[in-house]
Structures are given as structure tokens and as C-alpha cells.
2 protein chains.
Amino acid sequence: MGIAERKEREKQQRRKDIIDAAEKVFFSKGIEAATMEEIAEAAELSKGTLYLYFRNKEELQYAIKMRASEILGDQFLNQLDEKSNGIEMVERIGRSFIEFSKEFPDHFNLMMHFEGKNLDNLNMEDPHIQKYFREESPLILFTRVIAKGQQDGSIRNDITAEVLTHNLWAMTTGVLQFLTKQRMVLELCGHPGDVAHYIEGLFSILRSGIAKIRKS
Amino acid sequence: MGIAERKEREKQQRRKDIIDAAEKVFFSKGIEAATMEEIAEAAELSKGTLYLYFRNKEELQYAIKMRASEILGDQFLNQLDEKSNGIEMVERIGRSFIEFSKEFPDHFNLMMHFEGKNLDNLNMEDPHIQKYFREESPLILFTRVIAKGQQDGSIRNDITAEVLTHNLWAMTTGVLQFLTKQRMVLELCGHPGDVAHYIEGLFSILRSGIAKIRKS
DNA sequence: TTTAATTTTTGACTTTTAGTCATTTTATAA
DNA sequence: TTATAAAATGACTAAAAGTCAAAAATTAAA
């Protein structure tokens, strides 16, 4: 029974090779400019083969975005710390997100690209995508941290952990998107934004926004 | 000297006609599926003529997005109210944004589409775009309201009005983007989101986040 | 080992659409 | 009425995504 298993392994390896090649091409040429033909060349395969492993260009891009999320999730994991309370850990996680954007700018940009895009061209039944959302999304870990903060009394508990999580995530990505893609716009408005300044503003607002409300 | 003026007027009218046609086609067929050929037909012009008025497809989309922003800016204007203090007006403006998304869903979607997109294909020297950013963007009005809130003591003043404004805007659009485009994702995560619930969470977080910090 | 069946890969081909530009049409000035 | 300028046309080009019948490679059977 070893042949079927070996073939399956080889298939997964080829899939991985294609994603590697796509990463190189997307990141060097830019996500829009990169062509499937170029990716095929980089993977030493023909274009047709790509379509045996990925339904379309977008699904291939999404495979890279899932990798990016994995990296980010690992960084989040490193921020867990028994000594800190929930809200401190949330801040650490937030800052590690900023670090991630600097350390892996290409992966970060790809993530942001999908953050504001409908996913109609994607097959949501795809097992890779299903698995990602059920088990690997960084938001799963983040929700646990928020819940911990609610238990230790550092984070407000009048909003469910899920709603808090998704709001925090969406607010943060919203600001990061704004800062990366609209830098020229800011200049046009006459605010040649000091990015760090904006980030500190964001954290400050969020800190007050999610902290347990002190009874006065 | 009347001829040059009339010609200029006619030119602007034709430009408007093209945007009208584009609006119809983009909104009925969807922004991706719509073709320049279809828009030309709808405008009773040839495709080439479109390119005399707009550099490329994206610039035409952006013209509609600017219209959307104008509508939104008008709605913001209606929320101004001498009796309310700054933070109350900010909340009213926020809620009018939600109303806008329901009343003009197509315009809203187009706005969100551009909110997370680089503008490389756009000619930022274009006078229409310049004018928009300098004079018409809803953010200009919003900044004034924030500043008022800082003066009347209802909004924190340890962050500049501009940074507060852009952060609030980016956070809100981030959440709205998340809710519209990722509805299916939320279901996949096992949170068949009650959208209104998320929105209330957002407002609650932002209220605490930007309020003047009371000395305890 | 040879042959048949199955799986995987290929790349030429189709289709679609954005954007161009030489030519034609229309409007203005002489 | 003719010349000049401005505006509009649509056939054409280029680029790239996605398809599919045929070829190559692999595995199973005889």
C-alpha cells in the first residue's frame, strides 16, 4: 500500500513547489503584473499543470496568503506569556503584527490585498481553505487571548470575545491598509504622515476602547 | 468669447454622461465583469471616446467613487448640529455612514473596493482628483468635527485631530469591509455574524477609545 | 518482459478585453 | 466656400487567463 501514499506525498510536494515559485514571481514582479506563464517557468512546469493544482490565479495567491497567516500566527504564539494579563498580551500581539509587516513586507502586503477583497473566485470547499479557517487562522489564538483578558478582568466583558476579536482585527488591518496603500493620499491631504505616530494613536485608542471600564 | 466656454461646458457634460453610463453598467454587471465596450454602448459612444475622457478603466471607476464620497460628505453635513458636542456629532456621523451603506449599497461597495487598493493606475495630477482631496473629501469635514470635540472637551486631545480622524476612518472602513466581504468567512469560523451586533461593538469601542479621559 | 490501463503533463489554441491610433466626421475660423 | 482644428470612431494589437486533445510517464496485469 506504499505507492498511493508516496504519490500523495509527491502531489503535496509539487503543490508546495508551485507555491514557492509563485511566491518568488508574485513578490518580485508584483501581484498584478505576475503571469501564470512566468510562474510555470519558475516552477519548471507548463502552465496547464498549474491549473491541475489550483483552480485559478486567485486560488494560488490565496495559498500564499495562507502561508503568510501561518507565519503571523506563529509570531502571535511567541507573544503568549503566563505572567502578563490579557490586555497586555493583546498589546504585545498587536505590536508583533506591526513587526511582521516590517519583517515580511511582501507577505504582509498580500494579506492586506485579500483583507479588502471579495472571495468569489475561491472555492470555499477546498480542504486547504477549510482547514485554515477551522484550525490555523491567527484569529483563533487571538480570541483565546481576549477571553483570558475577560476572565482576569483586564478586558471589558460586555462584548463577546468573538465580536471583540473580529473588531480589533478589522480595525487594525483597516489602519494598516490605510497607511500602506494611501500614503500618497495622506501627502495629498497635507499630512505627510509619520506612520509610527499613527500606529501609536491606534494602540492608544484601542487600549482605552477595550479596557474594562472602571466604576467611578 | 462664448464658444470656448460652451465647448468646455459640453465637455464636462459628456464626461458626466460617461460616468452616468459607467455607473449603470458597473452597478448592474459588477465592477469586475463590466467592460469598457459595454459602458461605451450605454453612453452611446465608441470605446475610443471613453479614453479621451478617462485614462483607463480604473480612473473611470474612481470617478464614481468620488461621487460616492460626495454623497457621503453631504450626509455628514446633515449631521452637524449646534446643540450637540463633538463626540455626539462623531457618533451621529458614524451612524450616518452605516445608513449610507444601506441606502446606497452600490456606491458604498465601490468606496470599500478602493479603500483597500493601491492607486498606482491613477494619475494623481488629474485636477478632478486633486480637487477631491483638497476640498471635497468627507474627511475634511470630519476633521473639523473632531477638532470641535477637542475644544469642547468631549474628545481626547492628546492625539492630533488629523491622526484621530484618519484612525477612526480607517478603523470604521476596516470593520465595514470585514463585515461585507468576509461574511462567508465569519460563517466558516462558526460565527454567523449578526452584523448589527458587530456595529454596536465597534461604536462602543470607539466611544471609549476617543472620549476625553476622566481624571480619577 | 511485454502490454494494457491509468495518471500526469504538456503547450498550442481559444477567448476575452484593455488600450491604441490612423482615419473620418464634425465644428469653427478665414 | 475652403482651410484648420477638435472630437469621435472602430478596426486593430497585445496580453494574459484558462482549456483540452494529445503525448509522456507511471503503474498494474498478463
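Source: prediction; values computed, not measured.

Topic: the overall build of chain A
Along chain A, the regular secondary structure elements total eleven helices and zero strands. What you see in chain A, going N to C, is helices and strands ordered as α-α-α-α-α-α-α-α-α-α-α. Along the first, second and third principal axes, the C-alpha atoms of chain A reach 70 × 55 × 30 Å. Counting every position in chain A, which comprises 216 residues, the buried fraction comes to 52%. Taking the contacts inside chain A whose residues are at least 6 apart along the sequence as the reference set, 67% of them involve residues at least 24 apart. Total accessible area on chain A is roughly 10800 Å²; 50% of this is exposed by carbon and sulfur atoms. Both charge centroids of chain A, one from 30 positive and one from 34 negative side chains, sit 2 Å from each other.

Considering helix H8 (residues 138-151) of chain A
Its 14 residues place the ends of H8(A) 21 Å apart at the C-alpha level, agreeing with the 20 Å of an ideal helix rising 1.5 Å per residue. Residues Pro138(A), Leu139(A), Leu141(A), Phe142(A), Thr143(A), Val145(A), Ile146(A), Gly149(A) and Gln150(A) constitute the buried set of H8(A).

A closer look at the relation of the copies chain B and chain A
For the pair chain B and chain A, the best superposition has an RMSD of 0.1 Å and corresponds to a rotation of 180° with a translation of 0.0 Å parallel to the axis. Look at the turn and shift together and you get a two-fold axis relating the two. The share of interface residues of chain B whose copies in chain A are also at the interface is 100%, consistent with both copies meeting through the same surface.

Section: the environment of Arg92(B)
All names here are of chain B. Considering the arrangement of structural elements, one finds arginine 92 in helix H5 (residues 86-103). The exposure class assigned to arginine 92 is partly exposed, which follows from its relative accessible area of 35%. On a C-alpha basis, the gap between arginine 92 and tyrosine 198 in space is 17 Å, while along the polypeptide they are 106 residues apart. In this view, arginine 92 contacts Asn78, Gln79, Asp81 and Ser84; residues no more than four positions away in its chain are not counted. Within the local environment of arginine 92, its side chain forms a polar contact with the backbone oxygen of glutamine 79, the two atoms lying 3.3 Å apart.

Digging into the layout of surface pockets
With a probe scaled to a water molecule rolled over the atoms, the places where space remains empty come into view. One number sums up the size of the largest pocket: a volume of about 1500 Å³. What lines the largest pocket is a set of 45 residues, and nearest its centre among them are Glu32(A), His113(A), Lys117(A), His113(B) and Lys117(B). Grouping the amino acids of the lining of the largest pocket by side-chain chemistry returns eleven nonpolar, 18 polar and 16 charged.

Here we look at the interface of chain B and chain A
Across the boundary between the two partners, chain B contributes 46 residues, which contact 46 residues of chain A. Across the chain B to chain A interface the summed buried area is about 4200 Å²; carbon plus sulfur atoms make up 67%. Where chain B packs against chain A, one counts zero salt bridges. Summed over the shared surface of chain B and chain A, the result is six residue pairs in polar contact (both at pLDDT 80 or more). Elements that contribute at least two residues to the side of chain B that touches chain A include exactly helix H6 (105-115), helix H7 (127-136), helix H9 (161-181), helix H10 (183-189) and helix H11 (195-210) of chain B. If one sorts the elements of the side of chain B that touches chain A by residue count, H9(B) sits on top with 13 residues. For the side of chain B that touches chain A, the residue count by class is 22 nonpolar, 15 polar and nine charged.

Each value, and the rule that gives it
- Residues numbered from 1 in each chain as written.
- Chains lettered and ligands numbered in written order.
- Predicted model: local features only at pLDDT ≥ 70, side-chain atom pairs only at ≥ 80, totals over all residues.
- Heavy atoms only, no water.
- Helix = DSSP H or I, 4+ residues; strand = E, 2+ residues; numbered from the N terminus.
- Buried < 20%, exposed > 50% of the residue type's maximum accessible area, 1.4 Å probe, protein only.
- Contact = heavy atoms within 4.5 Å.
- Areas by Shrake-Rupley, 256 points an atom, 1.4 Å probe, with all protein chains shown as cover.
- Lys, Arg positive; Asp, Glu negative; His and termini not counted.
- Charge placed at Lys NZ, Arg CZ, Asp CG, Glu CD.
- Expected span 1.5 Å × (residues − 1).
- Least-squares fit on C-alpha atoms with pLDDT ≥ 70 in both.
- Polar contact = N/O pair within 3.5 Å; in protein donor to acceptor, adjacent residues only side chain to side chain.
- 1 Å grid on protein atoms, 1.4 Å probe; cavity = no way out; pocket = protein on both sides within 12 Å on 5 of 7 lines; lining within 4 Å.
- Points joined across faces, edges and corners; volume = space filled by probe spheres on them.
- Nonpolar A, V, L, I, M, F, W, Y, C, P; charged D, E, K, R; others polar.
- Buried area = accessible area lost by both parts, 1.4 Å probe.
- Salt bridge = Lys/Arg side-chain N within 4 Å of Asp/Glu carboxyl O.

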